[in-house]
Amino acid sequence: MAEECAPLRGGNMKRIAVLTSGGDGPGLNPCIRAVTRMALHLGVSVTGIQRGYAGLIANDTLELDARSVGGVLGRGGTFLGTARCPEFMTEKGRREALRTLNRLGIDGLVVIGGNGSLTGALQLHKMGFPVLGIPATIDNDVNGTDISIGVDTTLNTILDAIDRIKDTASSHQRAFLIETMGRNSGYLALVSGLSGGAELVLIPEIETPMEKVARIIEDAYIRGKAHCIILVAEGWKPGTRALVDYLKSLQAELGFEIRLTVLGHIQRGGKPSAFDRLLATRLGAAAARLMIEEGVAGKMVGWVGSEIYLTPLDEAVAFQKEISVKLRELAEIMDQ
Ligand code: F6P
């Protein structure tokens, strides 16, 4: 199998493919556009794979030219579609996907997505197919990049929600729990809490007893605050619902009335921010150029210290990126 699709040396590629996989997020369209336009600029044709690895298995593809990626910069989601694909986790599914790539005469594949999608990219690479990954997930939990595509826009969406909730919270003298996405990472809750002026942030990385949450709410009330805003990452244990039940049982002592807002998939939609459009364009263009001109494969094209940074795919997916200790310390000082 490996010989059948041995990596071409840079300069020999005629056609590459691009797909978006896993949970969507703002900035995927600008990234597809950048991969496509850089490849076309270098004289290489581009196939768009629809619905991620599912489309690769099902041979669900379309030709991408300069016009077909026009007008997509400001659109959220992904016009190629995306999916979580259990079939691709099996050897049979991956062989099927490889068959599609070979049948279509594709010389290299760019995968845009988070940890699961990049793990899929690594598996294809191990089967001998030239693959590059680009980190795109609102969770910002991928190693080898300071930030993933989608994170900035999502943070701004959460901040907008915090500002709105503060208005109503102050009018009614209420304490609000605001639940953010992030799977097992507390990054979204921590950074939005820090930039949105939350009284407390609850993240999976730090154990916080529910009694302490109650004390902080009561304390905010006694100190005359108009509201109390608590950001809760969805991965925090024992979970937002358990916390609401506990706090409601203490309602009389807390002063503030308790309300819960779960932001949910609102965080994944919307127009990509300027930062995300630029990041997506830089990473997408770099991936296409590195693959076509230099024959780079088996790497993730990330962003570290304001530069393109390559990380081997196996390192990128080896473990979940940790939140910086300095950010955590800063949040503790600011929560007053
Ligand atoms: O990984 C991105 C993410 O939005 C997580 O933050 C969240 O836990 C998950 O995807 C939700 O997945 P789905 O859209 O499949 O419910």
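The structure reproduced in this document is the subject of the present report.

Parameters at a glance
For every chain, the first residue of its written sequence is number 1, and the numbers climb from 1 along that sequence. At least 70 in pLDDT is required for a residue's local features to be given in this predicted model, at least 80 for side-chain atom pairs to be given and counted, and no such filter applies to totals for whole chains, interfaces and linings, which use all residues. Side-chain measures were taken over the full set of non-hydrogen atoms in the model, leaving aside hydrogen atoms and water. Per the convention used, a helix needs a DSSP run of H or I reaching at least four residues, while a strand needs a run of E reaching at least two, with both numbered from the N terminus. Multiplying one less than the number of residues by 1.5 Å gives the expected span of a helix. Only protein chains enter the accessibility calculation, which uses a 1.4 Å probe; a residue whose area is less than 20% of its type maximum is buried, one above 50% is exposed, and one in between is partly exposed. As used here, the arc is the angular range of directions from the helix axis to the C-beta atoms. In what follows, a contact means two residues having at least one pair of non-hydrogen atoms within 4.5 Å. Note on ring pairs: Phe, Tyr and Trp rings are taken, using the six-membered ring of Trp, and paired if centres are within 6.5 Å. Classes follow the plane angle, with under 30 degrees stacked, over 60 edge-to-face and the rest tilted. Here a salt bridge means any side-chain nitrogen of Lys or Arg lying within 4 Å of a carboxyl oxygen belonging to Asp or Glu. Points on a 1 Å grid, built from protein atoms alone, make a cavity when a 1.4 Å probe fits but cannot get out and make a pocket when they are open with protein on both sides within 12 Å along at least 5 of 7 lines; residues with an atom within 4 Å of a point are the lining residues. Grid points are joined across faces, edges and corners, and a volume is the space filled by probe spheres set on the points. Polar here means any residue other than Ala, Val, Leu, Ile, Met, Phe, Trp, Tyr, Cys and Pro, which are nonpolar, and Asp, Glu, Lys and Arg, which are charged; Gly is therefore polar. Domain delimitation follows an automatic or database domain assignment. When at least one non-hydrogen atom of a residue lies within 4 Å of a molecule or strand, that residue is treated as near it. N or O atoms within 3.5 Å of each other form a polar contact, as long as, within protein, one can give a hydrogen and the other can take it, and as long as residues adjacent in sequence are counted only when both atoms are side-chain atoms. Only the protein chains shown count as cover for residues, with accessible areas throughout obtained via the Shrake-Rupley method and a probe of 1.4 Å. A cavity or pocket is said to hold a molecule if more than half of that molecule's atoms lie within 2 Å of its grid points. Patches were defined on residues exceeding 30% relative accessible area and lacking a salt bridge, with like-charge contacts within 9 Å and nonpolar side-chain contacts (Val, Leu, Ile, Met, Phe, Trp, Tyr) within 5 Å. Angular values range over 0 to 180 degrees, each being the angle between N-to-C directions of two axes fitted as lines to C-alpha atoms, with helices fitted over their stretch in contact. Any angle from 65 to 115 degrees is called roughly perpendicular, while one under 35 is roughly parallel, one over 145 is roughly antiparallel, and all others are oblique. Each crossing gets its handedness from the near helix: less than a right angle anticlockwise from the far helix is left-handed, clockwise is right-handed. Two strands make a pair as long as DSSP finds a minimum of two bridges between them.

Turning to helix H7 (residues 210-222), a few remarks are in order. In this model H7 runs 19 Å from its N-terminal to its C-terminal C-alpha over 13 residues, within 8% of the 18 Å that 1.5 Å per residue would give. Where H7 is concerned, the buried positions are Met210, Val213, Ala214, Ile217 and Ala220. Down the axis of H7, the buried side of the element spans an arc of 130°, and every buried residue falls inside it. The exposed residues of H7 that point more than 90 degrees off its buried face are Arg215 and Ile222. Residues of H7 that are buried make contact with strand S6 (174-180), strand S7 (200-202), strand S8 (228-233), helix H8 (240-249), helix H9 (251-254) and strand S9 (257-262). Two residues or fewer after H7 comes Gly224, characterised by a positive phi angle close to 85°.

In the structure shown here, the tally under the stated rule is two aromatic pairs. Taken together, a centroid distance of 3.9 Å and an interplanar angle of 10° make the contact between Tyr53 and Phe88 stacked. With Tyr53 in helix H2 (residues 52-58) and Phe88 in the loop between strand S3 (61-64) and helix H3 (91-103), the pair connects residues that are 35 residues apart, well separated along the chain. Assessed through its relative accessible area of 4%, Tyr53 is described here as buried. Centre to centre, the rings of Tyr221 and Phe256 are 5.1 Å apart; their planes meet at 85°, and the pair counts as edge-to-face. Highlighted residues: Tyr221 in helix H7 and Phe256 in the loop between H9 and S9, separated in sequence by 35 residues.

A complete count under the given rule lists 13 salt bridges for this structure. Linking Arg174 and Glu257 is a salt bridge whose minimum nitrogen-to-oxygen distance equals 3.5 Å. With Arg174 in strand S6 and Glu257 in strand S9, this pair connects stretches of sequence that are 83 residues apart. Looking at Arg174, the relative accessible area reads 14%, which means it is buried. The class for Glu257 is partly exposed, based on a relative accessible area of 32%. In this structure, Glu257 engages Arg259 in a salt bridge whose closest nitrogen and oxygen atoms are separated by 3.1 Å. The network of salt bridges with common partners includes Glu91, Arg94 and Arg95.

A word on the layout of surface pockets. Considering only enclosed or pocket space, the largest pocket measures out at about 570 Å³ in volume. Considering every element that reaches the lining of the largest pocket, the biggest residue donor is helix H4 (residues 115-126), with six residues. For the lining of the largest pocket, a count of residues per class yields nine nonpolar, twelve polar and seven charged. Residues from two domains meet in the lining of the largest pocket; each of domain 1 (15-150 + 272-316) and domain 2 (153-268) gives at least three. In this structure, the second largest pocket occupies an estimated 330 Å³ of space. Where the lining of the second largest pocket is concerned, the elements lending two or more residues are S7, H7 and helix H12 (325-334).

Glancing now at the site of the ligand. As a matter of local geometry, the ligand sits amid Arg84, Ile138, Asp139, Met181, Gly182, Arg183, Glu234, His265 and Arg268. For the ligand, an oxygen atom lies 2.7 Å from a polar atom in the side chain of Asp139. His265 places a polar side-chain atom, nitrogen or oxygen, 2.8 Å from an oxygen atom of the ligand. When the ligand sits alone it has 400 Å² of accessible area, and the protein chains cover 74% of it. Judged by the fraction of its atoms near the pocket grid, the ligand is located in the largest pocket.

A separate point is a nonpolar patch on the surface. A cluster of nonpolar side chains, namely Leu330, Ile333 and Met334, defines an oily patch on the protein surface of about 290 Å² accessible area. Of note, Leu330 is situated in helix H12. We classify Leu330 as partly exposed; its relative accessible area is 39%.

One can describe the packing of helix H5 (residues 151-172) onto helix H6 (residues 187-196) by two numbers: an axis separation of 9 Å at closest approach and a directional angle of 50°. Taken together, the axes of H5 and H6 lie oblique to each other. Considering only the axes of H5 and H6, their crossing is right-handed. The segment H5 lies against H6, with Val151, Thr154, Leu155, Ile158, Leu159, Ile162 and Lys166 engaging Tyr187, Leu188, Val191, Ser192, Ser195 and Gly196. For the contact of H5 with H6, a count of residues per class yields eight nonpolar, four polar and one charged.

Pairing within the open sheet is parallel, and its four strands lie in the order S7-S8-S6-S9. The sheet is open, and its two borders are formed by S7 and S9, each paired with just one other strand. In this sheet, neighbouring strand axes are inclined to one another by 20° on average, regardless of whether the strands run parallel or antiparallel. Sheet analysis places S7 next to S8, joined by three bridges and oriented parallel. For Val201, the partnering residue across the bridge sits in S8 and is Leu231. Seen against the sheet, H5 touches S6, S8 and S9 and runs at an angle of roughly 160° to S6. Against the sheet, H8 touches S6, S7, S8 and S9, its axis set at about 170° to S9.

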